[in-house]
Structure formats: C-alpha cells, structure tokens
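Chain residues, written in single-letter form:
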Amino acid sequence: MRNGFLAAAALVLGNASAQAQYWPAQQPSYPAANRGVWVMPPQAPAYYRSTVPSTRAPYAMASQVTVPNARGPYATAPYATAPYATAPYTAAPYATAPFTAAPRAARTSPPSYLPRGYFPAPAMIPPPAPSRAAPPEPVRADATADPEVTAHTESTANTDSMAHTESTASVAAPVVTVIPPTATRAMPRAAPTSRVIGYGPALYFDTVQASIAEEPKEPIVYHRECHEKCFASAEYLLGWITHSPLNIPLVTTGPAIEKGGAIGSPGTIVLFGNRDLDYRMLNGVRLEAGVFADEENRFSADVSGFYFLPRHVRFRTQSDSDGLPIVGRPIFNAAENDEDVYQLAFPLVDPDAPFQLVGSSEVDARVEMFGVEVNGRWHAYCRRRLHTEALAGFRTVHLMESLRIQDSSTTVFDDSGLNFKAVPLIAGDTLFDQDYFETNNRFYGFQVGGRVRWELDRAFLDFFGKLALGVTDQQVRIEGQSSLISAAGNLTSPGGILALPSNMGDHRRQVFGVIPEFGVNLGVDVTDHVRLKAGYSCLVWSGVARPGSQIDRAVNPVQVPTDQDFAGVIGAGRPEFQFRESVFFLQSFNFGLEFHF
C-alpha cells in the first residue's frame, strides 16, 4: 500500500512538473473597448509550428467545445492522449511560404498531456457594449491571402493554438470576436492610429479607432474673417456717352458773294454742325452704402448713386474789323423753298453800295447725368468661394443736355439794309440773337438683377447685370430771343433764327423705357476691412430725346425778328416741333475703395 501511495504521488508530481514545464501560466488578456483583435501572448519558439510539413501520423478529431467564430461555432476540446516527444521546430516568419489547409475531414487534434475534461469549458462572457458602434476593422491586404490566417480561422489544428485555447480557458478570459478577412475585404482602409506588436495572427489586423468624431459643419459666410454688418464704397468714374446727334449745319463760311455761306453755294464750308457732338470723357463719382439684415449675411439693403459732372463742347468764330472771314447761319427758306443764309460778318465789296458787317457766332453744348437706385439683395454662397446675389429694387436716371447758339453782328455803315422788327439799323447798331434747345430725360422704374462673384483669399472677380423697366419722361424746352442794342434804345423780341414762335415752348411726354446694365469688377483686399477695386460697366437707355434731334432747319423768314420780311405774310408754320428719340449708351470705368464692417 505504501508503495502504491508513493508511486501515485510520484506520478502526480511528475505530471505536474511536466505540465509546468510545457504549459506556462497564462495571463488573462482583455481587448480594448470597440476593438476586435486576436490575442495571443508570446510562447516559446519551440511551440510555433514550422513551415516544414510534420511527419506525425494523422489522428482522429475528438469532441468539440463551442468557441465563437465568424464562420460558425466550432472548437476542439482537449484530448486524453499519451504524451509524445516532439523535436523543437525552427520558427519562420508568417506567410513566408504558401500553405494549403487540409480538408476538414482529414484534420486531427494535437495530443494533450492532461486527462480529458481537466479544464472546464470557457464561459461565454460577452464583451462590454461600446458607447458607439465601431466601424468594421480594416484588414491588411496581405492577411487576406495568407494561408496561415485562413487555416487558423477554420481550424485549431495547430498545436500551439490549441494549447493557448485550453490555457486561456482556465482563467475564464472574455470571448474575443474574430472578424473574418472575407467580411472586411471590400471595406475601405482607415488610417490606423496604432498597431498591436506581438506574435500570431493579431499582427495582421489593424486596431480600430475607439470613436470617430464627426467634424462640425462650418457656417458658410464671407471668406473674410471680419464679421459683416454693413458696407460702403466710393468710386471715381470715367465715362463716355453716345455722341449727341447733330445732323444739321449751324455755322458756315464762304466767299464774299451773294448768299455766301449758304448750303450748296460755291465755296461754302461748314464750321460747326453736320456731325454728331462728341463730349469725350466725362468725370464722375459713385457712392454706395448698405447693411445686412441677418447674422448669416443672407439679406441686405443698399442705396447707391452716381453723378457725372457737366461736360461742354464749345465753338466760337468771329471776324476781324474788315468782316473777314464771312460768318453765316445757314437755313432752309420754307417761303422760297431754297437754301438761304443769315450773314453775321461780311466784308466791304462795293464802295458804292456800302455793306459791311463785323460779327461772331458761338455754340455751347452741355451734358449732365446722375442716377439713384435702392435695392434689396439676397446672398447665396456655393462652395465658400462662389458668391451669388439676386436683387430687386427701384431706379431713377436723369440726363440733361442743352445746345445754345448765340450770334452778334454790328453794322459799319448806315443804310446797310438791315432791320430789326422793321426798324432800319444805323452804323454802330448791334444785333444779338440766341437759339436754345434743352432736353431732360427722367427714367423711373423697377429693376431686377444679379451678381456672380468668385472670391479668392485676397481678391475677387465678379460679373453683374441689371434690367430696369419703367417710364421715361421726355421734356424738350425751346427758347429764342433777339435784341437790338443802339444809341436810340434797346429792343427785344422773342425768336432767334432756328427757335421761333412756331416751335418754341415746353414740350413733354412719357414713353416706355428700358435700361439694362452689365459690367465686371476686379478687386484686391488691402486689409480685412478695405478693398481696392476697378471695373467696367455699360448702361443702355431706350427712348431718349437729344437736343440736336429736335432742331428743324426749315424756317419761315416772317418769324425772324432780324429779317427784312419780318411780320410779313404768314406762310407755313416753320420751324415745327416733333419729338425725335434715340438709344443712349453710357460706358464707364470705375476705380475705388470698398469698406466692410
């Protein structure tokens, strides 16, 4: 009996010693939150399966213990087999040679040094629920093709893997979910924040981030850093307008013959007229101020206006004391149905018939323009850089032009044959006459439009367009006057040469008006609140009355106070008035500053 007890004790101690030598104590390893990894602590190199095929005889598969797996529950339970000696294997890096897993039916379990049922079945302890579902774990491309990973996932035939499963079961470690490579192969790769450094298949899996914070959406506002509340701008304008129509001759010269200076007479030269008036460059200014109605800079209201300073076209000619050169005012004589001329300066040709005049003629054309508009705007932003605007508002534009012709003529001899309202002139008497044509065009209407602006970090480029529809108030004022300055007294009479009682007065009408405007601007940020900009714009205005178009050069001499036939038999009421209109263009370049607050 004592011998039997000693033999049993020796057997137990020997078995425990062998177990401690070949199966070192395992430390429980718990996966981090939201991370599905394969945990395997490093083992002695002798217990890693070599890539050299083993010569061990196949063995039969025993009963199984359920272990969670992505492909289905399966596991192998420990087997009670006799100990056997194995030569140490030379470990080789994973995936150094292709490996083809044996069919499931031919796979066998490794031998066990402990009796069957020595370790209890692992407890099914679910991992703690994460606060947020983790995305699928990215998988390395080389892991999907590694036969070692495939073989380990499908079977635990490897001796070291089976031993690790049996050892960790004794400490009741939590069950770790294994993500099969095939399930994550099509998923996009995420940038790993860390990698598990160790042995075994866990080396082929990247860890999953504990949480992926969603980036907050940035509010879409101006790309400038300053917070917009209001804005203002001041610009200097250089403008060009359409030439004012003037297709009639106003001042001529010619040889010293009868009707010298009349249109069609030999040697007649037109000194002023017969071509449109060119005002050349206009100087102006534009001011604008606006305010945003909301914090997101979506809605704003603004008022703006421009003003062009008056621009003149002047002409003057006069004769010397001998009456040269000849200065004349050509007309079409409606009574005689022929060309005629009123001579202001003429030399002495025949001493027996003393007739000599010293005179001059002066023409002054003037233009002035301004406009005001009030708009409400809706702003939109596309991809932070593209800024669009839609506007609606009210607009008014005023255009004022005038054409003045003033003449003077002084007689040198008595009995010159000149009269003023049938009163003969004597030497030293001076005649003055004036024709004045003025037009005022006022537009009132509603407008719509928009703007597209591409904003860079320190610059912008925009295109804008507006269309105004409304009414144009056309007003034409025609005035004429003649005067006699003499030693006997001064006399004044209404009517000049082209402005006579038949067409004089204030004429007015309203027509439908359209004003489209378009342009482009380029700007650079000097500071966050100040911009330097330049641009071009073009404004078109339909139905505009111009002063040169309102002149009728057909004249009935009986209405001219300085004509010898004044107050004679009344014929046709010429000149007559008739509204004539044309299309008006305004082109301008602007240079200025924008202020944003």
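Here, residues in each chain are numbered from 1, in the same order as that chain's written sequence. Residues qualify for local features only when their pLDDT is at least 70, as the model is predicted, and side-chain atom pairs are given and counted only at 80 or more; totals for whole chains, interfaces and linings, by contrast, use all residues. Hydrogens and waters are ignored; side-chain quantities use all the structure's heavy atoms.

(A) Fine view of the packing of aromatic side chains. For Phe, Tyr and Trp, rings pair up if their centres lie within 6.5 Å, where Trp contributes its six-membered ring, and each pair is then called stacked (planes under 30 degrees apart), edge-to-face (over 60) or tilted (otherwise). Scanning all chains against the criterion turns up 10 aromatic pairs. Summarising the aromatic geometry, the rings of F346 and F355 are spaced 5.7 Å apart at their centres and angled 55° between planes, so their arrangement reads as tilted. For the ring pair F577 and F579, a centre distance of 4.9 Å and an interplane angle of 75° mean the geometry is edge-to-face. We call a residue buried when its accessible area falls under 20% of the maximum for its residue type, exposed when it is over 50%, and partly exposed in between, using a 1.4 Å probe and counting protein chains only. Residue F579 is classed as buried on the basis of its relative accessible area of 19%. By way of ring pairs, the aromatic residues W240, Y536 and F589 are connected into one cluster.

(B) Molecular detail of the pattern of salt bridges. Any Lys or Arg side-chain nitrogen located within 4 Å of an Asp or Glu carboxyl oxygen qualifies as a salt bridge. One pass over the structure, following the stated rule, counts 32 salt bridges. A salt bridge links E517 to R395, with the shortest nitrogen-to-oxygen separation between them at 2.7 Å. Remark: R395 occurs in strand β9 (residues 386-411) and E517 occurs in strand β15 (residues 505-525); sequence separation between them is 122 residues. On the basis of relative accessibility, which here comes to 6%, the residue E517 falls in the buried class. For the salt bridge of K533 with E594, the shortest nitrogen-to-oxygen distance reads 3.0 Å. Linking K533 in strand β16 (residues 530-545) with E594 in strand β18 (residues 581-596), this pair joins segments that are 61 residues apart in sequence. Residue K533 is classed as buried on the basis of its relative accessible area, which comes to 9%. Where salt bridges share partners, they join E235, R286, E288, D302, R377, E389, R451, R453, D462, K533 and E594 into one cluster. Numbering of helices and strands starts at the N terminus; helices are DSSP runs of H or I of at least 4 residues and strands are runs of E of at least 2.

Purely geometric stuff here, so don't read any function into it on its own.
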